[in-house]
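# Survey of secondary and tertiary structure
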Amino acid sequence: MYQHVLLVTDLKDDTDLVAQKAKWILESEPQAQLSVLHIVEETMLGFGYELIPASALHEQIDDERCQKARVRLAEVLARNHLQAHHVNIKTAISGRKGIVDYCRAHAVDLVVIGRHKRTGLSAWIAGATADSILPDVESDLLVVQLVAD
C-alpha cells in the first residue's frame, strides 16, 4: 500500500498521460497523498574553468522560469482532476539530482514518471531521466513509456 506518491513531470505536451497514471494509482490507494515535482534545471554560468549555478550570484535568476512552470503545473492538475498535497517547483543542477534528493527527503513510496523513448544520437547524449534515477531511488517506480520527442 502506497502512502506517498510522487508525480514527476517535465510539463511537456504528453504530461497528461503520466498524470492519468498517477490518478489511476491514487484511485486504488485512497489513503495515499500525492506530491507533484517539476525540476527547473539551474542556469549555469562559466567562469574560467568553473561552472557555477547562476542562482549563487542572484537568487531570483531562475524565478521567471519557476513562475511559468507553477502556472502550467496548476493547469495540468486542474485538467486531470488531481488534488496534490504538495506541489514543488525545484531548481537543481540536473533533473536526476533534484528527483533523487526529493525522494530521499520526503519518504516517497512510489514515483510516477514519464520516459521519452529516444534513439540514435539523442539517446546517447541526453539519455532518459527515468533510467538515471533508477539506481538511486529506493521507492517503487511506475515508468510511463512516451513517444520520442
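Quick notes on the rules
Residues numbered from 1 in each chain as written. Predicted model: local features only at pLDDT ≥ 70, side-chain atom pairs only at ≥ 80, totals over all residues. Heavy atoms only, no water. Helix = DSSP H or I, 4+ residues; strand = E, 2+ residues; numbered from the N terminus. Buried < 20%, exposed > 50% of the residue type's maximum accessible area, 1.4 Å probe, protein only. Contact = heavy atoms within 4.5 Å. Areas by Shrake-Rupley, 256 points an atom, 1.4 Å probe, with all protein chains shown as cover. Salt bridge = Lys/Arg side-chain N within 4 Å of Asp/Glu carboxyl O. Core = buried A, V, L, I, M, F, W, Y, C linked by side-chain atoms within 4.5 Å.

## Observations concerning the overall build of the protein
Tallying secondary structure elements over the protein gives 5 helices and 7 strands in all. Start at the N end of the protein and walk to the C end: the helices and strands fall as β-α-β-β-β-α-β-α-β-α-α-β. Of all 149 residues assigned to the protein, the portion counted as buried reaches 38%. Contacts in the protein between residues at least 24 apart in sequence constitute 75% of all its contacts with a sequence separation of at least 6. With the model as given, the accessible surface of the protein reaches about 9000 Å², and the carbon-plus-sulfur share is 54%.

## Here we look at unusual backbone geometry
Positive phi is not limited to glycine here, since Leu 11 has a value of about 60°. Mapping Leu 11 onto the fold places it in the loop between strand E1 (4-8) and helix H1 (15-28). Even without glycine at this site, Ala 107 takes up a positive phi of about 50°. Along the chain, Ala 107 turns up in the loop between helix H3 (95-106) and strand E6 (110-116).

## Focus on the pattern of salt bridges
Overall, the coordinates contain 3 salt bridges when judged by the stated rule. Among the ionic pairs, Asp 16 bridges to Arg 79, the shortest N-O distance being 2.9 Å. Here Asp 16, found in helix H1, pairs with Arg 79, found in helix H2 (residues 63-79); they are 63 residues apart in sequence, far enough to count as distant. Judged by relative accessible area, Asp 16 falls into the partly exposed class, the value being 23%. Its salt-bridge partner being Arg 96, residue Asp 136 comes within 2.2 Å of it at the nearest N-O pair. Residue Asp 136 is found in the loop between helix H5 (129-133) and strand E7 (140-146), and its partner Arg 96 is found in helix H3; the two are separated by 40 residues along the sequence.

## Regarding the nonpolar core
Core analysis: the biggest nonpolar cluster contains 23 residues, and Val 5, Leu 7, Leu 34, Leu 82 and Val 112 have the highest contact counts within it. Where this core is concerned, the elements lending two or more residues are E1, H1, strand E2 (33-41), H2, E6 and E7. Contact partners of Leu 34, with chain neighbours within four places excluded, come to Val 5, Leu 7, Leu 26, Leu 82, Gln 83, Ala 84, His 85 and His 86. In this structure, Leu 6, Ile 99, Tyr 102 and Ile 133 belong to the second largest nonpolar core, which totals 14 residues.

Nothing here speaks to function; it is geometry throughout.
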